[in-house]
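In case you want the letters, here they are:
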Amino acid sequence: MVYLIDTNILLRFVDRTHPLHPIIRTAIRKLRRDGHTLQITVQNCVEFWNVATRPATKNGFGLTPTNALALRVDALALRVDALALRVDALALQVDALALQVDALALRVDALALQVTDLEDLCIHRSSLINR
């Protein structure tokens, strides 16, 4: 089963001084040991970064960006598969382009019909004039 990990779980996991750290660490280990997939989203990364770099006086960790990078969530093996996200985005773009190509093909077909109609009309008029 795939589990989406909440940002608060990530934050408690890296904060070894938090009272919930041991419980969360145990839960994550059990889920992974049982073969479950743990996923995060881009939103988790943004929220994690905001808390990690926010001053401690404002309910953050108060870390410098360099120190926050040291807490990278990928150390938990909960990485966002950026490549898969890019592939999905590219697939959506390809689908959109395919729709545009289909629309253009329909326009070309419609123009071809109009040209054929005009040719037929010209032939018909020509035959009327030549009578």
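First things first, this report covers the structure right here in the doc.

1. Side note on the overall build of the protein
Link 1 in the chain: Across its full length, the protein carries 5 helices and 2 strands.
Link 2 in the chain: Element order for the protein, N to C, with α for helix and β for strand: β-α-α-β-α-α-α.
Link 3 in the chain: A burial count over the protein gives 16% of its 131 residues as buried.
Link 4 in the chain: For the protein, restricting intrachain contacts to residue pairs at least 6 apart in sequence, the fraction spanning at least 24 positions comes to 57%.
Link 5 in the chain: Accessible surface for the protein amounts to roughly 10000 Å². Of this, 61% is attributable to carbon and sulfur atoms.

2. Quick notes on the environment of Leu 11
Link 1 in the chain: Looking at where Leu 11 falls in the secondary structure, it is placed in helix H1 (residues 7–14).
Link 2 in the chain: Between the C-alpha atom of Leu 11 and that of Phe 48, which follows or precedes it by 37 residues, the distance is 6.8 Å.
Link 3 in the chain: With residues up to four places along the chain from it excluded, the contact list for Leu 11 reads Phe 48, Val 51 and Phe 61.

3. Here's the deal with the pattern of salt bridges
Link 1 in the chain: A complete count under the given rule lists 1 salt bridge for this structure.
Link 2 in the chain: One salt bridge in this structure joins Lys 30 and Asp 34, with 2.7 Å as the shortest N-O distance.

4. Overview of the environment of Asn 59
Link 1 in the chain: Within the secondary structure, Asn 59 is located in the loop between helix H3 (42–53) and helix H4 (65–70).
Link 2 in the chain: Dropping the residues within four chain positions of it, Asn 59 is found in contact with Val 51 and Arg 54.

5. With respect to the packing of H1 against H3
For any two helices packed against each other, the geometry is given by the interaxial angle and the distance between the axes.
Link 1 in the chain: Contact geometry of H1 with H3 gives a least axis separation of 9 Å together with a crossing angle of 45°. Judged on the interaxial angle alone, H3 and H1 are oblique. The interaxial crossing formed by H1 with H3 has right-handed handedness. Across the interface between the two elements, Thr 7, Leu 10, Leu 11 and Val 14 of H1 pack against Asn 44, Glu 47, Phe 48 and Val 51 of H3.
Link 2 in the chain: The residue inventory of the contact of H1 with H3, partitioned by class, reads 5 nonpolar, 2 polar and 1 charged.

6. Side note on the packing of H1 against helix H2 (residues 21–33)
Link 1 in the chain: Relative orientation of the contacting elements H1 and H2 amounts to 110°, with a least axis distance of 8 Å. What the angle tells us is that H1 and H2 run roughly perpendicular. Viewed along their axes, H1 and H2 form a crossing whose handedness is left-handed. Between H1 and H2, the contacting residues are Ile 9, Arg 12, Phe 13 and Val 14 on the first element and His 21, Ile 24, Arg 25 and Ile 28 on the second.
Link 2 in the chain: In terms of residue class, the contact of H1 with H2 is made up of 5 nonpolar, 1 polar and 2 charged.

7. Re the nonpolar core
Side chains that are nonpolar tend, in soluble globular proteins, to be buried together.
Link 1 in the chain: Ile 5, Leu 10, Phe 13, Ile 28 and Phe 48 are the most contacted members of the largest nonpolar core, which totals 13 residues.
Link 2 in the chain: Within the residue set of this core, elements represented by two or more residues are H1, H2 and H3.
Link 3 in the chain: Sorting elements by how many residues they give to this core places H1 first, with 4 residues.

About the cut-offs
Residues numbered from 1 in each chain as written. Predicted model: local features only at pLDDT ≥ 70, side-chain atom pairs only at ≥ 80, totals over all residues. Heavy atoms only, no water. Helix = DSSP H or I, 4+ residues; strand = E, 2+ residues; numbered from the N terminus. Buried < 20%, exposed > 50% of the residue type's maximum accessible area, 1.4 Å probe, protein only. Contact = heavy atoms within 4.5 Å. Areas by Shrake-Rupley, 256 points an atom, 1.4 Å probe, with all protein chains shown as cover. Salt bridge = Lys/Arg side-chain N within 4 Å of Asp/Glu carboxyl O. Axes fitted to C-alpha atoms, helices over the stretch in contact; angles between N-to-C directions. Parallel < 35°, antiparallel > 145°, perpendicular 65-115°, else oblique. Left-handed = near helix turned anticlockwise from the far one by under 90°. Nonpolar A, V, L, I, M, F, W, Y, C, P; charged D, E, K, R; others polar. Core = buried A, V, L, I, M, F, W, Y, C linked by side-chain atoms within 4.5 Å.

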